[in-house]
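# An overview of the molecular structure
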Amino acid sequence: MASDSAILLPDVPDWMLEWQRRFPVGRTNYFRQTIPTGELRTWETERCRLFTVREPDGFARLYFHAASAADLGSILSGIAVCEPLVVAILCKQPMPDVHEIFEQSGFRWYDEYKRMMCRPLPPLDPDPLTEFASRPEALLIRAAMVSDFDPITSHFPNVAEFADWSERRWIPVRRNESKVTGYAVLRVLGRHAVFNYFKNDSAHPRDALLLIRQLQGELVRQGADSAELWVRHDNEKVIKLYQFFGWKFDGLSAQYLIRPPLQERNDS
């Protein structure tokens, strides 16, 4: 097992893609996701590559591609870091072998999110009354997201990215007397869109309906014909809201596991 400090964060996609091409049959949770900026550590054996990125909220997120369960277990048992480790296992079918490897290495269950798709998006006309966050409002929203959503199961954009998203009209909002009472965050990536953050503090349920209606109209206006979101598996109220607008589960889930710092594990 080796830790390779020569790999830089911008090199990670090619480093992992080369490995996935060499071992196309294997267990992985790396699908060329956007990786947040942070301290990078990498490990490699003959049949496994793994890296962690330290997040600003006090934990490190872990990604892997393993053609050997034994090699994955060997790396995990040898990782000694002072912050919690978080891994999201993405799957459509249960992977008990992978879960067992992580559990034997000190990881425990944290939460589960499921993906919903809207494909095709309904041909809604854009609502001319749709409002969007200004740059100052976007920065306030970004600061509040740390308390509005769980950092462990979220992948927050950095402040510069979020400010840019406001310029792209990717943050529709609802206001009451100039105060933002609800917001959504979306990204349009060609013909496909991603919608992962939705917050409604209004006392009127119709405001949540209007906000989702407006964001779906905006997705169509910006050229998207399909969209995806992730929702906590037991958030029935929000799930029913999305289903009302045509969203459906596609079977993919993200199962989050967390390993406490070494000192906490030794004390338990």
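Attention here is on the structure that accompanies the text. Since we're looking at a predicted model, the values are computed, not measured. Throughout this document, residue positions are counted from 1 along each chain, in the order its sequence is written. The predicted nature of this model means local features are confined to residues of pLDDT at least 70 and side-chain atom pairs, given and counted, to a pLDDT of 80 or more, with totals for whole chains, interfaces and linings taken over all residues. The side-chain values count all of the structure's non-hydrogen atoms but skip hydrogen atoms and water molecules.

## A word on the layout of surface pockets
Rules: Only protein atoms enter the calculation, which uses a 1 Å grid: trapped sets of points that fit a 1.4 Å probe without letting it out are cavities, open sets showing protein on both sides within 12 Å along at least five of seven lines are pockets, and any residue with an atom within 4 Å of a point is a lining residue. Grid points are joined across faces, edges and corners, and a volume is the space filled by probe spheres set on the points. A run of DSSP states H or I qualifies as a helix once it reaches four residues; a run of E qualifies as a strand once it reaches two. Both are numbered from the N-terminal end. Residues are grouped as follows: Ala, Val, Leu, Ile, Met, Phe, Trp, Tyr, Cys and Pro are nonpolar; Asp, Glu, Lys and Arg are charged; all remaining types, including Gly, are polar.
Its volume calculated, the second largest pocket comes out at about 160 Å³. As for the second largest pocket, its lining consists of Glu137, Leu140, Ile141, Ala144, Asp148, Val180, Thr181, Gly182, Tyr183, Lys199 and Asp201. At the level of secondary structure, the elements contributing two or more residues to the lining of the second largest pocket comprise α4 (135-148) and β10 (179-189). Here the element with the most residues in the lining of the second largest pocket is α4; it accounts for five residues. For the lining of the second largest pocket, the per-class residue count stands at five nonpolar, two polar and four charged.

## A look at the pattern of salt bridges
For clarity, the threshold we go by: We define a salt bridge as a side-chain nitrogen of Lys or Arg found within 4 Å of a carboxyl oxygen belonging to Asp or Glu. Each residue is assigned to one of three classes by its accessible area relative to the maximum for its type, calculated with a 1.4 Å probe on protein chains only: buried under 20%, partly exposed between the two thresholds, exposed over 50%.
This structure, assessed with the given rule, holds 21 salt bridges. Asp234 is paired through a salt bridge with Arg232; the nearest N and O atoms lie 3.3 Å apart. According to the relative accessible area criterion, Arg232 is partly exposed, its value standing at 37%. One continuous salt-bridge network, built from bridges that share partners, spans Glu18, Arg22, Glu44 and Arg49.

## Regarding the environment of Trp43
With respect to the element layout, Trp43 can be found in strand β3 (residues 40-44). Trp43 gets classed as buried once you look at its relative accessible area, which sits at 4%. Separated by 36 residues in the primary sequence, Trp43 and Ile79 place their C-alpha atoms 8.9 Å from one another.

## Describing helix α1 (residues 12-22)
The condition that has to hold: The arc under discussion is defined with respect to the helix axis, by the directions toward the C-beta atoms. Contacts were defined at the residue level, with two residues in contact if any of their heavy atoms lie within 4.5 Å.
Every buried residue of α1 is accounted for by Val12, Trp15, Met16, Trp19 and Gln20. Along the axis of α1, the buried positions cluster into a sector of 130°, meaning they face one direction only. The outward face of α1, more than 90 degrees from its buried face, is lined by the exposed residues Asp14 and Arg21. Here the buried face of α1 lies against β2 (27-28), β3, β4 (48-54) and β5 (60-66).

## A word on the nonpolar core
This is how it is decided: By nonpolar core we mean a set of buried residues, namely Ala, Val, Leu, Ile, Met, Phe, Trp, Tyr and Cys, connected to one another through side-chain atoms within 4.5 Å.
Core analysis: the biggest nonpolar cluster contains 37 residues, and Ile171, Phe198, Leu219, Tyr242 and Trp247 have the highest contact counts within it. Breaking this core down by element, the ones donating at least two residues are β7 (108-118), α4, α5 (159-167), β10, β11 (192-200), α6 (205-221), β12 (226-232) and α7 (236-244). Membership of the second largest hydrophobic core comes to 22 residues, among which are Cys48, Ile75, Val87 and Leu257.

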